[in-house]
Every structure is written in C-alpha cells, then in structure tokens.
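Working through the structure, step by step
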Amino acid sequence: MVFYAIIFLNVLIYLLEFLFGKSVFINNFSLYYGSDFYTFFTYSFLHGDFEHIFMNMVMLFMLSQILRFLNIKHLLIVYFVGAIISSLGYYYLMINMGYYNFILLGASGAISALMGYAAIILRQNGFLIAIVVTSIISAVIFQNIAWQAHIFGAIFGIIYAYGIYFLRR
C-alpha cells in the first residue's frame, strides 16, 4: 500500500539525519519563521526523536489498516494537503500571536487530517475524541508539541470528508 511507502520514506529520512546531521535537515526542511515555502510540506517528513517518529508511524500504520478499503486517491489528498493546511494554519497562528521562535516538524498534522476524515466517512466520533484528548494532553504535559497543527489538520480532514459526501449526492 502507498502508506507503507510513506512510512518507509519517513524512516529513511530519519536515518539520514544521523548520517548527515540532524541540524542539516532541521535548518533546511523544517518549518520556522522565515523558512522557504517548500518547508510547509517537507517539515512533515522530519521528526525530533525516536519516540516522535515511532508514535507517528505506528499511528499512520494503524490508520492505513483501518482505512485500506477507502479510496486511496482521497486518502493521499487528505494526507498531503492536510500536512500543508496544518502547517499553514500553525504558521499563521503563531505569527499572529507574536511567536516567531518556533520549529514545526512531524507527520501528526497529516495524520490528524486522516483521523478527521475517518471520523466523518466512517461515522466514528472516537477519532475526533482521540485528536482532542491527545492535543489537550500534549498542550498540558509537553511544551514543544504543536497541538494546534493537529487541530488544523483534523478540521481539514473533516471539511474534505463533508465535501466528498455532499459531492456524491
């Protein structure tokens, strides 16, 4: 399945960070104030540490198993556009709140987009509850988790799912 390739690519990039140095990847491909436009996408392939990539890739693998019978084209659109939308939302929220010292990396915005999409398409509100709970826990316990990106990703996934639903009618 295509999501196996995405998982493989994420793990490969994570391993390359050790070969070439984490700072090379962070400086060139993560999203931060003043970074290049392409980083609104490339940030989603970088992860801060083993726990970060492990949790994201396990979640992506599990979602790929749950969603495997759905239209792969829609799933890929939700994943990749969700990564971009969550980074745009996070970036502009941070700038408008006066925070300029941030770095965004990780696939969780895209994964949250898939979860929002799944909640509507499969009519399983548990996905939405999981996003809210993990975002709240992240905000309270961890200082460096971009929980806002999770929310923006989920909102995009929900909107896309409703758009697909209404277009079918």
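Above: the structure in question.
To start, this report covers the structure provided alongside it. (Residues numbered from 1 in each chain as written. Predicted model: local features only at pLDDT ≥ 70, side-chain atom pairs only at ≥ 80, totals over all residues. Heavy atoms only, no water.)

Quick look at the packing of helix H1 (residues 2-20) against helix H5 (residues 72-96)
This is how the line gets drawn: Working convention: axes come from line fits to C-alpha atoms, limited for helices to the stretch in contact. Angles between N-to-C directions cover 0 to 180 degrees. Secondary structure elements are defined from DSSP: runs of H or I of at least 4 residues count as helices, runs of E of at least 2 residues count as strands, and each element is numbered from the N terminus. Each angle gets one of four labels, with under 35 degrees taken as roughly parallel, over 145 as roughly antiparallel, 65 to 115 as roughly perpendicular, and the rest as oblique. Residue contacts follow a heavy-atom distance rule, with two residues in contact if any of their heavy atoms lie within 4.5 Å. Residue polarity is assigned by list, with Asp, Glu, Lys and Arg as charged and Ala, Val, Leu, Ile, Met, Phe, Trp, Tyr, Cys and Pro as nonpolar; anything else, Gly included, falls into the polar class.
Closest axis-to-axis distance for the H1/H5 pair is 11 Å, and the angle between their directions is 30 degrees. By the angle between their directions, the pair H1 and H5 is classed as roughly parallel. Along the contact surface, H1 presents Val2, Phe3, Ile6 and Asn10, while H5 presents Ile72, Leu75, Leu76, Tyr79 and Phe80. For the contact of H1 with H5, the class distribution of residues is eight nonpolar, one polar and no charged.

Concerning the nonpolar core
Definition in use: Here the nonpolar core consists of buried residues drawn from Ala, Val, Leu, Ile, Met, Phe, Trp, Tyr and Cys, with membership extended through side-chain atoms lying within 4.5 Å. The rule is simple: take the accessible area with a 1.4 Å probe, protein chains only, and divide by the maximum for that residue type; under 20% is buried, over 50% is exposed, in between is partly exposed.
The biggest cluster of nonpolar side chains holds 42 residues, and the ones touching the most others in it are Leu60, Tyr79 and Leu114. Those elements that place two or more of their residues in this core are H1, helix H4 (50-66), H5, helix H6 (108-121), helix H7 (126-141) and helix H8 (147-168). Here this core gets nine residues from one element, more than from any other, and that element is H6. Apart from residues no more than four positions distant in its own chain, Tyr79 is found in contact with Phe3, Ile6, Asn10, Leu60, Ala107, Ala110, Ile111 and Leu114. Ile13, Ile26, Phe45 and Leu46 belong to the second largest nonpolar core, which has six residues in total.

Section: the packing of aromatic side chains
Let me state the cut-off plainly: Only the six-membered ring of Trp is used, alongside the rings of Phe and Tyr, when aromatic pairs are assigned; centres must lie within 6.5 Å, and planes under 30 degrees apart are stacked while those over 60 apart are edge-to-face, with the rest tilted.
Counted under the stated rule, the structure contains 17 aromatic pairs. With 5.4 Å between their ring centres and 70 degrees between their planes, Phe41 and Phe45 make a pair best called edge-to-face. Relative accessible area serves as the criterion here: at 30%, Phe41 is assigned to the partly exposed category. We classify Phe45 as buried; its relative accessible area is 9%. With centroids separated by 5.7 Å and ring planes inclined at 25 degrees, the aromatic side chains of Phe50 and Phe54 adopt a geometry described as stacked. Pair noted here: Phe50 and Phe54 are both in helix H4, with a separation of four residues, about one helical turn. Owing to a relative accessible area of 54%, Phe50 belongs among the exposed residues under this scheme. Judged by its relative accessible area of 43%, Phe54 falls in the partly exposed class. Connected via pairs of aromatic rings, a cluster forms that spans Phe3, Phe41, Phe45, Tyr79 and Phe80.

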